[in-house]
Amino acid sequence: MIELVNVEKTYHTSSGDIHALKRTSLTINQGEIFGIIGLSGAGKSTLIRCINMLEVPTAGQVFVDGEELTAMTETQLRKARQNIGMIFQHFNLLASRTVFDNIAFPLEIQGLGKDEIKKRVEPLLELVQLQDRADHYPSQLSGGQKQRVGIARALASNPKVLLCDEATSALDPQTTKSILNLLRDINQRLNLTIVMITHQMEVVKEICDRVAVIENGSIIEEGNMVDVFTNPQNQTTKEFVKSVDKNTLPESLKSTPVSREYFEGANLAVRLSFFSGNADKPIVSGMIKRFGVDANIISGNTDQLKDRIYGNLLIVIEGPQKALEDSLDYLNSQNLQVEVIGYVK
Ligand SMILES: Nc1ncnc2c1ncn2[C@@H]1O[C@H](COP(=O)(O)OP(=O)(O)OP(=O)(O)O)[C@@H](O)[C@H]1O
Ligand SMILES: [Mg+2]
């Protein structure tokens, strides 16, 4: 649905050139929710603004829905942009217009008649649950409501793609959740392709199908959200994952010396991660029976990655060295992820 081919963006400033986006190629499929995560200044906004040509790339090609935006005239581009809605961190609503008139704005620009506009705006108000606020002004709305107006306005011209630049960054966690739910609902109901720019891993894990990590103007990691989340490769990606990891080591283990090598009388601490389904199998009790070891559960929790349940279990296995090694081999042969923390007293 969206394809960037060798896209670059350099800003020429008085103090020199800034390579905000280095040569980048990226494909985003029809109907998916694609996350782009990165720290401040990484080039996220530059990248997303190249998709609708709010920023004209310095080099490369941009295709949306099979059409090359980078080869279009201004008039063609204006038409093509109707296919691409966008929402912003600070909503960018017109303060002097009511909710209804904000949503109607792009349709007025397209030259639609009053009746037609009404026919389009009313179902959108319903979709974002603001029917009773149609005559209110932005200043009378909460942040979450303002973003709902932003979403309705972005959907007014029936776009195929919705670009979201930090759409939930100005919202509290609960409102963020409700906006993400709305976006997910719209994605499924309208089969809309959504690109989410964010610096929050929560956003990615809540709704994204795939994700790219951007740093210093380059995509450094890209893949299926669940894969990136459960098995991050790059250091920056690991930091992002850690930022939402509820399963840090408990204080008791943090203060214990951990050894990579076995020592006399040591126990083995491991972290098991698994998706629900695999988790039903009594793997730990199987290990205890098989190798005559003991296992203490130190902590455990479950987490949700989009619509899958992801569990974590931190255990300390007690037994003779050989039994510990056999237990580890056994765990590794099961359908779960095993992270060896080390040998502890
Ligand atoms: N119009 C501009 N002129 C000059 N430099 C710019 C311009 N826009 C962005 N930059 C620079 O390009 C780099 C990338 O900026 P960009 O806004 O894309 O980052 P970002 O990832 O969106 O950051 P944030 O999370 O803070 O919004 C930064 O170094 C920024 O200062
Ligand atoms: Mg930005």
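Residues numbered from 1 in each chain as written. Chains lettered and ligands numbered in written order. Predicted model: local features only at pLDDT ≥ 70, side-chain atom pairs only at ≥ 80, totals over all residues. Heavy atoms only, no water.

A. Inspection of helix H9 (residues 235–242) at higher detail. Turning to H9, its buried residues number three or more, namely Thr236, Thr237, Phe240 and Val241. Seen from one end, H9 has its buried residues packed into an arc of 140°, which puts them on one side. You can read the cap of H9 off the contacts: a side-chain oxygen lies 3.1 Å from the backbone nitrogen of Thr236, and it is on Asn234. (Buried < 20%, exposed > 50% of the residue type's maximum accessible area, 1.4 Å probe, protein only. Helix = DSSP H or I, 4+ residues; strand = E, 2+ residues; numbered from the N terminus. Arc of directions from axis to C-beta. Polar contact = N/O pair within 3.5 Å; in protein donor to acceptor, adjacent residues only side chain to side chain.)

B. Spatial organisation of the packing of aromatic side chains. Evaluated as defined, the whole model comprises 3 aromatic pairs. Summarising the aromatic geometry, the rings of Tyr262 and Tyr343 are spaced 5.5 Å apart at their centres and angled 90° between planes, so their arrangement reads as edge-to-face. Of this pair, Tyr262 sits in the loop between helix H10 (251–254) and strand S11 (267–275) while Tyr343 sits in strand S14 (residues 337–344), and the two are 81 residues apart along the sequence. A residue is classified by how much of its surface remains accessible, and Tyr262, at 22% relative accessible area, is partly exposed. Geometrically, the ring pair formed by Phe291 and Tyr330 is edge-to-face, given 5.7 Å between the ring centres and 65° between the ring planes. (Phe/Tyr/Trp six-rings, centres within 6.5 Å; stacked < 30°, edge-to-face > 60°.)

C. Region of the structure containing the side chain of Lys44. Note that Lys44 resides in helix H1 (residues 44–51). Buried within the structure, Lys44 lacks any salt-bridge partner; its nearest side chain of opposite charge belongs to Glu166, at an N-O separation of 4.1 Å. Ignoring anything within four residues of it in the chain, the contact list for Lys44 reads Ile36, Ile37, Gly38, Leu39, Glu166, Ile197, Thr198 and Ile214. (Lys, Arg positive; Asp, Glu negative; His and termini not counted. Salt bridge = Lys/Arg side-chain N within 4 Å of Asp/Glu carboxyl O. Contact = heavy atoms within 4.5 Å.)

D. Seen up close, empty space enclosed by the protein. Using the criterion set out here, one finds 1 cavity of 30 Å³ or more in the structure. Roughly 30 Å³ of internal volume is contained in the largest cavity. What lines the largest cavity is Val64, Asp65, Glu67, Leu69, Ala80 and Asn83. (1 Å grid on protein atoms, 1.4 Å probe; cavity = no way out; pocket = protein on both sides within 12 Å on 5 of 7 lines; lining within 4 Å. Points joined across faces, edges and corners; volume = space filled by probe spheres on them.)

Distances and angles like these do not, on their own, reveal function.
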